[in-house]
Amino acid sequence: MALSYDDLEPRVALAQIASEFYRRGWMPGTAGNLSARAGDSQLWITASGLPKGQLDAQDFVLVDIDSGEMLERQRPGQKPSAETSIHRAIYQRFPEARACFHVHSIDACLAMSRLPAQLQRLALPPLEVIKGFDLWEQDPQVALDVFSNWLDVPRIAEEITERYRDVSPNLSALLIRNHGSTVWGGSLQTAFNRVEIAEFILSYIARAGLPV
Ligand SMILES: [Zn+2]
């Protein structure tokens with residue numbers, strides 16, 4: 001069987017995935033950030049401010065999930081991604097999450113642009129690809145949660161923690177308005193597949209309009 005991203009050293013896989021997402025236009029310039037859980041309590045995440053089409057395995061820093069403290073950098077001057085707090089919130093709330101990917105796509109922004117400002121959920125059409133999120137229902141009625149795009153990123157993370165304190169989302173993905181999507185999974189390959197699926201659905205909504 002062909003290699004999956006799960007067969008690679010996580011930082012090598014993350015660099016390859018960033019390159020692939022960049023090629024698809026989902027990580028323009030330095031936008032977006034990718035992380036993988038290391039052990040139970042730490043994560044590797046893209047260092048801040050790097051062009052995502054040109055990363056290598058040294059372009060990730062090790063961060064403690066609970067404290068947010070950077071434990072290891074691989075090159076002088078590296079800092080964790082500005083959006084690390086969002087990844088930490090996901091790993092804290094969902095122990096099964098082993099990888100978390102955040103991308104900025106045109107279609108995600110277009111799909112959300114059709115959603116009235118007061119709504120915080122984007123209903124999805126019952127597309128076949130939703131099965132890729134391990135949801136096996138006939139004509140599933142599901143939605144993606146939409147969060148406000150605060151300039152103060154930790155505030156976005158706090159709202160994620162708050163909204164999921166007692167409930168779990170339908171799908172292991174969420175949206176940030178005018179910004180992009182965050183998707184997680186139990187492995188690097190699963191998270192990769194789910195970003196593709198989420199972008200398929202968002203592209204569909206961007207072209208077809210909101211489901212009625
Ligand atoms: Zn972002």
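In the block above lies the structure referred to throughout.
Let me begin by describing the structure that accompanies this report. (Residues numbered from 1 in each chain as written. Predicted model: local features only at pLDDT ≥ 70, side-chain atom pairs only at ≥ 80, totals over all residues. Heavy atoms only, no water.)

Section: the pairing of strand β3 (residues 60-64)
For β3, the tally of buried residues reaches 5 of 5 residues, placing the bulk of the element in the interior. Residues of β3 alternate between two faces, with F60, L62 and D64 on one and V61 and V63 on the opposite face, all of them buried. Across 5 bridges, strand β2 (residues 42-46) lies against β3 in antiparallel orientation. If you follow W44 over to β3, its bridge partner there is L62. Across 2 bridges, the pairing between β3 and strand β4 (residues 70-72) is antiparallel. From the neighbouring strand, V63 faces β4, where its bridge partner is M70. What sits between the antiparallel neighbours β3 and β4 is a turn of 5 residues, in which G68 has the positive phi angle 80°. (Buried < 20%, exposed > 50% of the residue type's maximum accessible area, 1.4 Å probe, protein only. Helix = DSSP H or I, 4+ residues; strand = E, 2+ residues; numbered from the N terminus. Pairing = 2+ DSSP bridges.)

A short note on the nonpolar core
Core analysis: the largest hydrophobic core is formed by 45 residues, its most contacted members being F21, F101, L122, L124 and L188. Tallying contributions element by element places helix α5 (residues 188-208) first for this core, with 9 residues. Among residues more than four places away in sequence, those in contact with F21 are W26, M27, L34, F101, V103, F192 and V195. Counting 22 residues, the second largest nonpolar core, distinct from the first, contains A47, V63, I90 and L174. (Core = buried A, V, L, I, M, F, W, Y, C linked by side-chain atoms within 4.5 Å. Contact = heavy atoms within 4.5 Å.)

Describing the coordination of the zinc ion
At 2.0 to 2.5 Å from the zinc ion lie its protein donor atoms, namely E83 (OE), E83 (OE), H102 (NE2), H104 (NE2) and H179 (NE2). Sequence spacing among the residues donating to the zinc ion works out to E-x18-H-x1-H-x74-H. Residue E83 is located in the loop between β4 and α2 (84-93), and its partner H179 is located in the loop between β8 (173-176) and β9 (180-185); the two are separated by 96 residues in the primary sequence. Each member of the pair, E83 as well as H179, carries the same accessibility label: buried. (Donors = N, O, S within 2.8 Å, 3.2 Å for Na, K, Ca; no water.)

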